[in-house]
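Single-letter residue listing:
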Amino acid sequence: MDESDCQVTREASEGLLIIDCAALVHNYRVLRRRLRAGSRCGAVVKADAYGLGVARVVPALYAAGCRDFFVATLAEGEAVRPLLPEDARIVLLTGVRPGFEHACAESGLVPVLVTTAQLQSWVEATARDGVAAPCALKLDSGMTRLGMEPAEFRQLLQQPSLLQSANVQLFLSHLACADDPHHLQNSQQLQRFSDACVALRKVCPQVETSFANSSGIYLGEPYHFDVARPGAALYGVNPTPDQPNPMRAVVRLRLPVLQVRQVERDCAVGYGATQQARAGSWLAVVRGGYADGVLRTQSGRGRGAAVIGGATSEPEQRVVVPMIGRVSMDSCVFDISALSEQQRGRLQAIELLNDELTVDHMGAAAGTIGYEILTSLGHRYGRCYL
Ligand SMILES: *Cc1c(COP(=O)(O)O)cnc(C)c1O
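Keep in mind that what you see is a predicted model, and the values were worked out from it rather than measured.

A.B. asks: Give me the UniProt feature "binding site: substrate" (unreviewed entry) in the protein chain: which residues, what numbers.
C.D. replies: UniProt records the feature "binding site: substrate" (unreviewed entry) at Arg145 and Met329, using the numbering of this structure. Of the residues just listed, which span 185 residues, the most distant C-alpha pair is 33.4 Å apart, and they do not cluster in one region. Taking the annotated residues in turn, Arg145 line the second largest cavity. Discounting chain neighbours no more than four positions away, the residues touching Arg145 are Lys138, Asp140 and His174. Relative to the helices and strands, Met329 is located in the loop between strand S16 (317–322) and strand S17 (331–335).

A.B. asks: A description of the packing of helix H1 (residues 21–34) against helix H3 (residues 54–63) should follow, citing residues and the corresponding values.
C.D. replies: H3 packs onto H1 with a crossing angle of 45° between their chain directions and a minimal axis gap of 10 Å. Taken as axis vectors, H1 and H3 run oblique relative to one another. For the pair H1 and H3, the sense of crossing is right-handed. When H1 is examined against H3, the residues Leu24, Val25 and Tyr28 are found in contact with a partner set consisting of Val57, Ala60 and Leu61. Grouping the amino acids of the contact of H1 with H3 by side-chain chemistry returns 6 nonpolar, no polar and no charged.

A.B. asks: How would you sum up the packing of aromatic side chains? Please name residues and give values.
C.D. replies: Applying the stated rule across the entire model yields 8 aromatic pairs. Between the aromatic rings of Tyr50 and Tyr371, the centroid separation amounts to 6.2 Å while the plane-to-plane angle is 40°, which identifies the pairing as tilted. With Tyr50 in helix H2 (residues 46–50) and Tyr371 in helix H13 (residues 370–376), the pair connects residues that are 321 residues apart, well separated along the chain. With 5.5 Å between their ring centres and 80° between their planes, Phe211 and Phe225 make a pair best called edge-to-face. Placement of the pair is Phe211 in the loop between strand S9 (208–210) and helix H10 (214–217) and Phe225 in the loop between H10 and strand S10 (227–228), with a sequence separation of 14 residues. Taken as a pair, Phe211 and Phe225 share a single burial class, namely buried.

A.B. asks: Would you mind going over the state of the cysteines in detail, with residue names and values included?
C.D. replies: Scanning the entire structure with this criterion turns up 0 disulfides. Unpaired in this structure, Cys135 has its nearest cysteine sulfur neighbour in Cys204, at a distance of 9.0 Å. Just so you know, Cys177 is unpaired, no disulfide at all, and the nearest cysteine sulfur is the one on Cys197, 19 Å from it. Residue Cys177 is classed as buried on the basis of its relative accessible area, which comes to 13%.

A.B. asks: Hey, could you go over the pairing of strand S4 (residues 68–71) for me, with residue numbers and the actual values?
C.D. replies: On a regular strand, each side chain points to the face opposite its neighbour's, so the side chains alternate between the two faces of the sheet. Of the two faces of S4, both are covered, the one formed by Asp68 and Phe70 as well as the one formed by Phe69 and Val71. The pairing of strand S3 (residues 43–44) with S4 spans 2 bridges and is parallel. From the neighbouring strand, Ala43 faces S4, where its bridge partner is Phe69. The pairing of S4 with strand S5 (residues 89–92) spans 4 bridges and is parallel. If you follow Val71 over to S5, its bridge partner there is Leu92. Each parallel crossover has a hand, and for S4 linked through helix H4 (residues 74–80) to S5 it is right-handed.

A.B. asks: So what's going on with the site of the ligand? Residues and values would help.
C.D. replies: Around the ligand sit 14 residues in total, of which Lys46, Tyr50, Ser214, Ala232 and Tyr371 are the nearest. For the ligand, a nitrogen atom lies 2.9 Å from a polar atom in the side chain of Arg229. Contacts to the ligand include Tyr371, whose side-chain N or O atom sits 2.5 Å from an oxygen atom. In isolation the ligand has 390 Å² of accessible area, and contact with the protein removes 93% of it.

A.B. asks: Which residues make up unusual backbone geometry, and what values go with them?
C.D. replies: A positive phi angle is found at Ala49, which is not glycine, with a value near 55°. Tracing the sequence through the fold places Ala49 in helix H2. Judged by relative accessible area, Ala49 falls into the buried class, the value being 0%. In the Ramachandran plot, Phe225 falls in the positive-phi region, its phi being about 50° despite a non-glycine side chain. Given a relative accessible area of 11%, Phe225 falls into the buried group.

A.B. asks: Could you give an account of the domain arrangement of the protein chain, naming the residues involved and the relevant values?
C.D. replies: Each domain of the protein chain was delimited in the assignment, giving domain 1 (21–235) and domain 2 (251–385). Here the C-alpha centre of domain 2 lies 39 Å away from the C-alpha centre of domain 1. Taken together, the contact pairs 9 residues of domain 1 with 7 residues of domain 2. Together domain 1 and domain 2 conceal approximately 840 Å² of surface at their shared face, both sides included; 65% is due to carbon and sulfur atoms. The tally of links between domain 1 and domain 2 comes to 0 salt bridges. The interface formed by domain 1 and domain 2 contains 2 residue pairs in polar contact (both at pLDDT 80 or more).

Scoring rules and cut-offs
Residues numbered from 1 in each chain as written. Predicted model: local features only at pLDDT ≥ 70, side-chain atom pairs only at ≥ 80, totals over all residues. Heavy atoms only, no water. UniProt positions renumbered as here; feature names shortened; annotations may be inferred. 1 Å grid on protein atoms, 1.4 Å probe; cavity = no way out; pocket = protein on both sides within 12 Å on 5 of 7 lines; lining within 4 Å. Contact = heavy atoms within 4.5 Å. Helix = DSSP H or I, 4+ residues; strand = E, 2+ residues; numbered from the N terminus. Axes fitted to C-alpha atoms, helices over the stretch in contact; angles between N-to-C directions. Parallel < 35°, antiparallel > 145°, perpendicular 65-115°, else oblique. Left-handed = near helix turned anticlockwise from the far one by under 90°. Nonpolar A, V, L, I, M, F, W, Y, C, P; charged D, E, K, R; others polar. Phe/Tyr/Trp six-rings, centres within 6.5 Å; stacked < 30°, edge-to-face > 60°. Buried < 20%, exposed > 50% of the residue type's maximum accessible area, 1.4 Å probe, protein only. Disulfide = S-S within 2.5 Å. Pairing = 2+ DSSP bridges. Right-handed = clockwise from strand over helix to strand, strands pointing away. Near = heavy atom within 4 Å. Polar contact = N/O pair within 3.5 Å; in protein donor to acceptor, adjacent residues only side chain to side chain. Areas by Shrake-Rupley, 256 points an atom, 1.4 Å probe, with all protein chains shown as cover. Domains from an automatic or database assignment. Buried area = accessible area lost by both parts, 1.4 Å probe. Salt bridge = Lys/Arg side-chain N within 4 Å of Asp/Glu carboxyl O.

Below, the structure written as structure tokens:
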């Protein structure tokens, strides 16, 4: 990544989140190449593109050839619609609340419906000449989250006229355990969804099918169906957690050092006095805390990369340093005793995320997953898109 284009704004002086759109597009292409012939690669851009900003992420993916976008809510769909030409489809993964069907159809958004009653309301609210606006239907194939009950689906198949007038264009289901290729539930869900696709196609021959999230793409071709729905992997999360990450890192988080100090005697660091710094240790207090997405659960377990130099013609150096004490709301502390005196003098910032310290690493340190690291990234620092 090259940060020389990043402006030094007032916001950036409070920390800088660098988002590498070239890496994003690279990741999209890696996923697309992985799909079987005839299967399209969509993109999940819910929650503001997992926190990275739809305004830049969505046009970059469209330019890379993506035409199927998935968001969570009506408001997200309305925000994404103006960013895309007509030929792109935007699907609302959590459907539409009663009374908002018309608004949804007017904005050209495709809701995911999960009950027969929702299909009926959709027809009532949006049908013209007996055909409703396009919608999607989701089956629960075993995750037991959002999706039609299999028994209700079997009954629905007995009402072909409802299915046809509802204008179901996309049929989907979601895998619960795709990141564990050995989990038995994957093939069970695949079997149920495949059978349902065969049954539905008898009534709606044109319907397209969608099953795989990021990790689902790596379960192999039977999981690919017509449209894949990767999210996390686009943004650098490893879709194959027990193997090397085939994705490139997309985010780099660089936080300014507010204070460098050497402690005189053994002393406790931060709220709750949970960790001790030894006499003579060097500490760096960094501007970035849990209000900025530095999760408090990684207190004392996180790592950062001290960024040294860079002002001169020499390349920057990075030394990995441990966090010490609890993360506060606006700051956290690193033990930089491993740096030489000269390195300390030229210390510029501490990076919490980069190519080596990934969202997956930070997630593990915080007892969560890379997804939550991404969606927690705060709004108090500057953002720079490469
Ligand atoms: C969030 C989501 C996805 C994307 O999953 P990733 O694991 O981020 O690739 C796909 N489908 C549905 C229904 C989702 O909710």
